[in-house]
Structure formats: structure tokens, C-alpha cells
Amino acid sequence: MAGDGQGHHDRHDRCEWKKGHWEKKWVKGHWEKKWTYHKTWHPGHHDKHGDWHKGSWSHDRQYKWVYVPAHWDHHWVKGHWDCHHR
């Protein structure tokens, strides 16, 4: 019945629905540009007028290239039709 308008799925195709799932995947080592956060303590002090200024934290962030070693990671695979032509 080829060419009768049934579409691309006929009796010679076998399709199976694969539901979404997590898949374990090997990721090679690589360099990544990541935000790094630095917290610095500035101690209290007396200024030249003798006034006391209490200590405080400063929060700084910047991009830094870091090496990420090879590792296993989990990636989400969306649900899809898996069709095999016989």
C-alpha cells in the first residue's frame, strides 16, 4: 500500500515512544569561565581624627577561567518517538 497517503509511518516502520529520562554522560575535562565570589574582611580602625570605623565585609565577584576535570554528569533527555525502519 505504498503511496496511499498513510504518511511516513507504515507497516515497515517500528516506532516506540521513549519517555523523558535522565541519562548519565561522560564530560571531558575543559576550561570554563565562571563567576568567582570573594568575601574580604576589613578590620575596624581609627581614622586620623580619632573616630572609630567598625569592621565590615566587602563582597567582590569576577570572572575567572577554571579547569573542570573530566566527570560523569546527568543530562535530561526529552520524551521523543524513536522510529526504526526495517
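Residues numbered from 1 in each chain as written. Predicted model: local features only at pLDDT ≥ 70, side-chain atom pairs only at ≥ 80, totals over all residues. Heavy atoms only, no water.

### Here we look at the overall build of the protein chain
Piece 1. Of regular secondary structure, the protein chain possesses 0 helices and 8 strands.
Piece 2. A total of 86 residues make up the protein chain; the buried ones form 6% of that total.
Piece 3. On the protein chain, roughly 8,200 Å² of surface is accessible, and the fraction owed to carbon and sulfur atoms is 55%. (Helix = DSSP H or I, 4+ residues; strand = E, 2+ residues; numbered from the N terminus. Buried < 20%, exposed > 50% of the residue type's maximum accessible area, 1.4 Å probe, protein only. Areas by Shrake-Rupley, 256 points an atom, 1.4 Å probe, with all protein chains shown as cover.)

### A closer look at the pattern of salt bridges
Piece 1. Taken as a whole and assessed by the stated rule, the structure comprises 2 salt bridges.
Piece 2. K18 serves as the salt-bridge partner of E16, at 3.9 Å between the closest nitrogen and oxygen.
Piece 3. For E16, a relative accessible area of 38% gives the class partly exposed.
Piece 4. One salt bridge in this structure joins K34 and E32, with 3.7 Å as the shortest N-O distance.
Piece 5. Residue K34 is classed as partly exposed on the basis of its relative accessible area of 37%.
Piece 6. Its relative accessible area of 28% is what places E32 among the partly exposed residues. (Salt bridge = Lys/Arg side-chain N within 4 Å of Asp/Glu carboxyl O.)

### Concerning the environment of H21
Piece 1. Along the chain, H21 turns up in strand β2 (residues 21–27).
Piece 2. Given a relative accessible area of 30%, H21 falls into the partly exposed group.
Piece 3. Considered as a pair, H21 and H74 are 53 residues apart in the sequence and their alpha carbons are 9.7 Å apart.
Piece 4. If we ignore the near neighbours within four places in the chain, the residues touching H21 are H75, W76 and V77.
Piece 5. For H21, the side chain forms a polar contact with the main-chain oxygen of K19, separated by 3.0 Å. (Contact = heavy atoms within 4.5 Å. Polar contact = N/O pair within 3.5 Å; in protein donor to acceptor, adjacent residues only side chain to side chain.)

### A word on the side chain of S58
Piece 1. Position of S58 among the secondary structure elements: in strand β6 (residues 56–68).
Piece 2. Side chain to side chain, S58 and H42 meet in a polar contact 2.9 Å long.
Piece 3. Excluding its chain neighbours within four sequence positions, the residues that come into contact with S58 are H38, K39, T40 and H42.

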